Amino acid sequence: MRLAMSPIARWRGFWGELAARERVLIGVGLLVLLPVGFYLYVWQPVTAERARLAVRVDQLRGELARLRADSEAVKRMRGQPPISTGDTLENAARQAAARFGLAIAPEALTAQGGDRLLVNLNGVAFDAWVRWLGELGAQGVSLLSCKVEALPEPGQVRVKATLARAAS
């Protein structure tokens, strides 16, 4: 009957049976493999994850800055009186344009009855145009037709559109 040997005793038996040259080779191999294994399985993954997280933090900081700017814009807009629905569509459009710094010439807006408005803008910032439409949409004004052409200046467009106030 054979007794089970402990792992340490088995290791010592194995090590004792090796020649001196084999012991040196195994020792050198361990000295090389341990740092390489540590680098490949610990250090490199941690460093790669750290770099990925640093990029993500930068992205989140950019998003935070945009959200803070949007928050300030919302606070400013909440402080302004709402556009009066009893007002004409042309006046409501001009009020909304003033809020977004959209310069509209007097001849750019032409009323067609009380519920329709022709818009003819030349050289307006596209972003301001979209924000203006959003404000009018929140006031119950819809876009019936629209033609937007890009101008040579970056971000500038020519707009021909028809707006209508929804029936109340």
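Since the structure is predicted, the reported quantities are computational estimates derived from the model, not experimental observations.

Turning next to the packing of aromatic side chains. On inspection of all chains with the given rule, the structure shows three aromatic pairs. Residues W11 and F14 carry aromatic rings whose centres are separated by 5.6 Å and whose planes lie at 40 degrees to one another, so their mutual orientation is tilted. You can see W11 and its partner F14 sitting in helix α1 (residues 7-17), three residues apart, about one turn around the helix. Residue W11 is classed as partly exposed on the basis of its relative accessible area of 47%. Overall, F14 belongs to the partly exposed group, its relative accessible area being 39%. Joined through ring pairs, the aromatic side chains of W11, F14 and W15 make up one cluster.

Taken together, the side chains of V24, V28, V32, V36, F38, Y39, L40, Y41, V42, W43 and V46 make up a nonpolar region of the molecular surface, amounting to roughly 1100 Å² of accessible area. By the secondary structure assignment, Y41 is in helix α2 (residues 20-78). We classify Y41 as exposed; its relative accessible area is 69%.

Further remarks concern the confidence of the model for the protein. Per-residue confidence for the protein gives a mean pLDDT of 86, with 93% of residues at or over 70. Here helix α3 (residues 89-99) is the element of the protein with the lowest mean pLDDT, 82, and α2 is the one with the highest, 93.

Moving on, we get to the nonpolar core. Counting 23 residues, the largest nonpolar core has I104, V119, L121, W129, W132 and L163 as the members making the most contacts within it. The biggest single contributor to this core is helix α4 (residues 126-138), with five residues.

Let's shift gears to α2. Compared with an ideal rise of 1.5 Å per residue, which puts 59 residues at 87 Å, α2 spans 84 Å between its outermost C-alpha atoms and is within 8% of the ideal. Of all the bends in α2, the largest measures some 40 degrees and sits at Y39.

A word on the sheet that holds strand β4 (residues 156-165). In any sheet, the strands associate via hydrogen bonds between backbone groups, in a parallel or an antiparallel arrangement. Here we have four strands laid out as an open sheet, ordered β1-β2-β4-β3, and antiparallel in their pairing. A single partner strand is all that each edge strand has here, and the edge strands are β1 (109-111) and β3 (141-150). Averaged over all pairs of adjacent strands, the angle between their axes in this sheet comes to 10 degrees, without regard to strand direction. Relative to β4, β3 runs antiparallel, the two being bridged by nine bridges. Residue pairing in the sheet places A150 in a bridge with V157 of β4.

Here the idea is simple: oppositely charged side chains can pair when their charged atoms come close. According to the stated counting rule, one finds eight salt bridges in the structure shown. K75 is the partner of E72 in a salt bridge, and the nearest nitrogen-oxygen pair spans 3.7 Å. Of this pair, E72 and K75 both sit in helix α2, three residues apart, which is roughly one turn of that helix. On the accessibility criterion, K75 (53% relative accessible area) is exposed. Two residues, R94 and E90, come together in a salt bridge whose shortest N-O distance is 3.3 Å. With R94 and E90 both in helix α3 and four residues apart, this pair spans about one turn of that helix. Under the relative-accessibility criterion, R94 is labelled partly exposed at 24%. What makes E90 partly exposed here is its relative accessible area of 23%.

Cut-offs applied
Residues numbered from 1 in each chain as written. Predicted model: local features only at pLDDT ≥ 70, side-chain atom pairs only at ≥ 80, totals over all residues. Heavy atoms only, no water. Phe/Tyr/Trp six-rings, centres within 6.5 Å; stacked < 30°, edge-to-face > 60°. Helix = DSSP H or I, 4+ residues; strand = E, 2+ residues; numbered from the N terminus. Buried < 20%, exposed > 50% of the residue type's maximum accessible area, 1.4 Å probe, protein only. Patch = residues over 30% accessible without salt bridge, like charges linked within 9 Å, V, L, I, M, F, W, Y side chains within 5 Å. Areas by Shrake-Rupley, 256 points an atom, 1.4 Å probe, with all protein chains shown as cover. Salt bridge = Lys/Arg side-chain N within 4 Å of Asp/Glu carboxyl O. pLDDT = per-residue confidence, 0-100. Core = buried A, V, L, I, M, F, W, Y, C linked by side-chain atoms within 4.5 Å. Expected span 1.5 Å × (residues − 1). Bend = angle between axes of the 7 residues up to and from the residue. Pairing = 2+ DSSP bridges. Axes fitted to C-alpha atoms, helices over the stretch in contact; angles between N-to-C directions.

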